[in-house]
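Listed below are the residues making up each chain.
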Amino acid sequence: MIDMHNLENIAMGAAVLGTGGGGDPYVGKLMAMAAIEKYGPVTLLSPDEVGDDDWTVAASMMGAPSVMIEKIPSGTEVIRAFEAIRDYSQKEIKALYPIEVGGVNSVVPIVLGAMTGLPVVDIDGMGRAFPEAQMVTFHLAGKQSAPMSIADEKGNTLIVNGIESIWNERIGRAALIAMGGSVMTCDYLMQGRDLKASGIHNTLTLAENIGEKVHSLRRQNQNPITALLDVLGGKLLFEGKISNLLRRNTGGFTKGEAYFEGINSYQGKRAMIGFQNEFLVAKVDDEIVTTTPDLITALDLETGFPITTEVLRYGSRVALIAIPCDPKWRTEKGIQVAGPRYFGYDIDYTPLSV
């Protein structure tokens, strides 16, 4: 059962795995806390507990994470999105799952699970966060995001039936701009056998374990960064303070670059990370050190807490770390869908070596 204690740890761990994106985990945590307080704890199912014929659906926030900070969800969007896809599909939905284990989108299904009484499955489609609807392992396996339901805080709902997942992304992105820059969605309606075959298993449990480690070490006044690297098989890329920040909202995304001046053992060096909702590429001096689909995460140098793209601040002291992605993303199709060239970087993907 996911209760207040589990939720705190899941939100923290998901912010680490969210690679700077997925929406503000603090906002998501508050939404889930309110839902659990009102409706009670939510059942978490292991993937094996889902019936092969059971219908499942993902619930998530879509849009620019920085917009969500100013346009706080009303709390009704996600249930409207769920009702819209249920009524349109005429399917009896038995379980929910997160589209990504990053930021707010790790807990949106928990909010909906509390409201509907449905269980949440310990599985997702990324093992991290990505900015577009087709950037999931379900798409790599040939599954479609359509029909996709979209709901905003005003009461508007929409069903998008794109011919491919990338068309759902394009049409949905245009709609969410008209709806204010952030919406709630339900998509990738599929049966249990397909969810289990194409998803990344036990990622909410991983997020909870990360959060437990971070909170435990902070209670002991210890910095959790080294421990996180051990738990995740990660690599320290850089330590520095933010010297310049270029951030803008465009096309329904938060895009930009953050620049760092080195401190500690990185004194005299410089770094840069580029992002589109999530951190996509990291450069130290003139060398590319990590790119998507491997994970790039920014941690507060003192607390070890993750920092999302929308709360990067000039002067912040940050540790940049990299974490290997799930093997599904290192396939030819995975790199084509979410590698650096898709995002406009003229570089090839080189797997992270730890």
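Residues numbered from 1 in each chain as written. Predicted model: local features only at pLDDT ≥ 70, side-chain atom pairs only at ≥ 80, totals over all residues. Heavy atoms only, no water.

**Some remarks on a nonpolar patch on the surface**
Link 1 in the chain: On the surface, Ile163, Trp167 and Ile171 cluster together into a nonpolar patch covering about 320 Å² of accessible area.
Link 2 in the chain: One can find Ile171 in helix α7 (residues 165-178). (Patch = residues over 30% accessible without salt bridge, like charges linked within 9 Å, V, L, I, M, F, W, Y side chains within 5 Å. Areas by Shrake-Rupley, 256 points an atom, 1.4 Å probe, with all protein chains shown as cover. Salt bridge = Lys/Arg side-chain N within 4 Å of Asp/Glu carboxyl O. Helix = DSSP H or I, 4+ residues; strand = E, 2+ residues; numbered from the N terminus.)

**Some words on the side chain of Asn168**
Link 1 in the chain: Along the polypeptide, Asn168 turns up in helix α7.
Link 2 in the chain: A distance of 2.6 Å separates a polar side-chain atom of Asn168 from the backbone nitrogen of Gly162.
Link 3 in the chain: With residues up to four places along the chain from it excluded, the contact list for Asn168 reads Ser145, Ala146, Pro147, Met148, Val160, Asn161, Gly162 and Arg173. (Polar contact = N/O pair within 3.5 Å; in protein donor to acceptor, adjacent residues only side chain to side chain. Contact = heavy atoms within 4.5 Å.)

**Notes on the packing of helix α9 (residues 203-219) against helix α10 (residues 225-232)**
Link 1 in the chain: At a minimum axis distance of 10 Å, the contact between α9 and α10 shows a crossing angle of 155°. Our classification of the angle between α9 and α10 gives roughly antiparallel. Helix-helix and strand crossings are classified by hand; for α9 and α10 the assignment is right-handed. On the side of α9, the interface is formed by Leu206, Ile210, Lys213, Val214 and Leu217, while α10 contributes Ala227, Leu228, Val231 and Leu232. (Axes fitted to C-alpha atoms, helices over the stretch in contact; angles between N-to-C directions. Parallel < 35°, antiparallel > 145°, perpendicular 65-115°, else oblique. Left-handed = near helix turned anticlockwise from the far one by under 90°.)

**Considering the pattern of salt bridges**
Link 1 in the chain: Following the criterion strictly, the structure yields 15 salt bridges and no others.
Link 2 in the chain: Across the pair Glu261 and Arg270 runs a salt bridge whose closest N-O atoms are separated by 3.4 Å.
Link 3 in the chain: The class of Glu261 is partly exposed, set by a relative accessible area of 28%.
Link 4 in the chain: Residue Asp348 pairs with Arg341 through a salt bridge whose shortest N-O separation is 2.9 Å.
Link 5 in the chain: When its relative accessible area of 55% is taken as the criterion, Asp348 is described as exposed.
Link 6 in the chain: Residue classification places Arg341 among the partly exposed positions, given a relative accessible area of 45%. (Buried < 20%, exposed > 50% of the residue type's maximum accessible area, 1.4 Å probe, protein only.)

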